[in-house]
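Understanding the architecture of this molecule
Listed below are the residues making up each chain.
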Amino acid sequence: MEDLKDLLPVEAVRLDVRAADWREAIGAAGRLMVETGATTDEYTREMVANVEENGPYIVIAPGVAFAHSRPSPAVLTTGMSWVRLAEPVEFGHESNDPVTLVVALAAKDSAAHTSAMASLARLLGDPGTAAALAAAPTPEALHAVLTGDGAEASDPSAEPEPSAASKPSAAPEPSAASGPRAASLHKILTVCGNGVGTSLFLKNTLEQVLDRWGWSRFVTVEATDTISAKGKASEAVALLTSREIARTLGDVGRPVKVVQDFTSTAEVDAVLRDTYDV
């Protein structure tokens, strides 16, 4: 399983890139993956087509877009790129526009990059690290923060300390009447268009909250795509996703909960409390 530093070389980092619109922003991220040997040009077109077909659900947090598509022959090896824009760009997202950062992922399968996604979710969810990434003056400095080699970097394996404004409430007891019972194992699905990108971000954030609550042994989390989610919905207590994907899913016979910021443990905490009425 590859780590973030294995998938995102410093050569795949560009700062202060100018883009006229969201297509050009994704195109800039795609070109970096082509230049570093991760993909062909066709994959960039597939990333653009993903947004055209599924909407701007890839804007996973305020100012952050996570461009990706399904594994395909256009993916030569699993890899990533990082583009910090010179000027914000509108992607059409209701709450998270405009975008100043485009992170792109090309995955050969749904498993090789899970460790990297966990690290990235924690880094972007840590306000101190996010500020350091936004202020990094060079690709080398930014890469050092991402990989934990910089003075400003947080340990990606450590729990980020939420700010006072966003800190979740005290964890409920798993024995609460409406919570999962020790004798049963609940499943929650996190859903995106392809099952390899934004759903993994949300899965990692949800797992952080479950760990804080002490509920990880009672609730499993599975990242999946929209087609698979419809078939698996009956196995789950709830599905967590973006507003755009929730519209695509429609009525699946289980609660579909919308999360606006996939990096926010405070928002996911509130959604989980609503799911279990605690």
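Up top is the structure.
From a predicted model like this one, the values you see are computed outputs, not experimental measurements.

If you look at the biggest cluster of nonpolar residues, it comprises 49 residues, and the most contacted ones within it are F66, M80, W82, M117, L120, L146 and F201. Top element by residues in this core is helix α7 (residues 198-213). It accounts for seven residues. Setting aside residues no more than four positions away along its own chain, M117 makes contact with F66, M80, L105, L200, F201 and N204. Listed in part, the 39 residues of the second largest apolar core include A29, M33, A104 and L189.

Another aspect to go through is the packing of aromatic side chains. When we look at a pair of aromatic rings, we describe it by the centre distance and by the angle of the planes. Applying the stated criterion across every chain, the model contains four aromatic pairs. With a centroid separation of 5.2 Å and an interplanar angle of 80 degrees, the aromatic rings of W215 and Y276 are classed as edge-to-face. With a gap of 61 residues between them, W215 in the loop between α7 and β7 (219-225) and Y276 in helix α10 (residues 265-276) connect regions that are remote in the sequence. By the burial criterion, W215 is buried, and Y276 matches it. Every member of this aromatic cluster is reached through a ring pair, and the members are W213, W215 and Y276.

Their axes nearest at 9 Å, the elements α7 and α10 cross at an angle of 70 degrees. When the axes of α7 and α10 are compared, the pair comes out roughly perpendicular. In contact with L202, T205, L206, Q208, V209, L210, R212 and W213 of α7, α10 contributes T265, V268, D269, L272 and R273. When grouped by side-chain class, the residues that make up the contact of α7 with α10 number seven nonpolar, three polar and three charged.

Side chains of strand β3 (residues 64-67) alternate between two faces, with V64 and F66 and A65 and A67 buried alike. For strand β2 (residues 59-61) and β3, the ladder comprises two bridges, and the chain directions are antiparallel. In the sheet register, A61 faces β3, and the bridge partner there is V64. Hairpin connection from β2 to β3: two residues lie between these consecutive antiparallel strands, with G63 at a positive phi of about 85 degrees. Pairing of β3 with strand β5 (residues 99-106), which is carried by four bridges, proceeds in the parallel orientation. Bridge pairing in β5 links A67 to A104.

It is worth spelling out the sheet that holds β2 at this point. Judged by pairing direction, the sheet is mixed, and its five strands sit side by side in the order β1-β4-β5-β3-β2 without closing on themselves. If you trace the sheet from one side to the other, it starts and ends with β1 (13-17) and β2, each paired once. Between one strand axis and the next, the sheet turns by 25 degrees as a mean value, whatever way the strands run. Together, β1, β3, β4 (79-89) and β5 form the strand contacts of helix α2 (residues 22-35), whose direction differs from that of β4 by roughly 150 degrees.

One key point about sheets: their strands pair by backbone hydrogen bonds, in either a parallel or an antiparallel sense. Pairing is parallel across the open sheet formed by four strands, whose spatial order is β7-β6-β8-β9. Only two strands of the sheet have a single partner each, and these edge strands are β7 and β9 (256-258). Strand-to-strand, the axes of this sheet are offset by a mean angle of 30 degrees, without reference to chain direction. Lying over the sheet, α7 contacts β6 (186-192), β7 and β8 (238-241), oriented at roughly 170 degrees with respect to β7. Against the sheet, α10 contacts β6, β7, β8 and β9, and its axis sits at roughly 155 degrees relative to β9.

Calculation criteria
Residues numbered from 1 in each chain as written. Predicted model: local features only at pLDDT ≥ 70, side-chain atom pairs only at ≥ 80, totals over all residues. Heavy atoms only, no water. Core = buried A, V, L, I, M, F, W, Y, C linked by side-chain atoms within 4.5 Å. Buried < 20%, exposed > 50% of the residue type's maximum accessible area, 1.4 Å probe, protein only. Helix = DSSP H or I, 4+ residues; strand = E, 2+ residues; numbered from the N terminus. Contact = heavy atoms within 4.5 Å. Phe/Tyr/Trp six-rings, centres within 6.5 Å; stacked < 30°, edge-to-face > 60°. Axes fitted to C-alpha atoms, helices over the stretch in contact; angles between N-to-C directions. Parallel < 35°, antiparallel > 145°, perpendicular 65-115°, else oblique. Nonpolar A, V, L, I, M, F, W, Y, C, P; charged D, E, K, R; others polar. Pairing = 2+ DSSP bridges.

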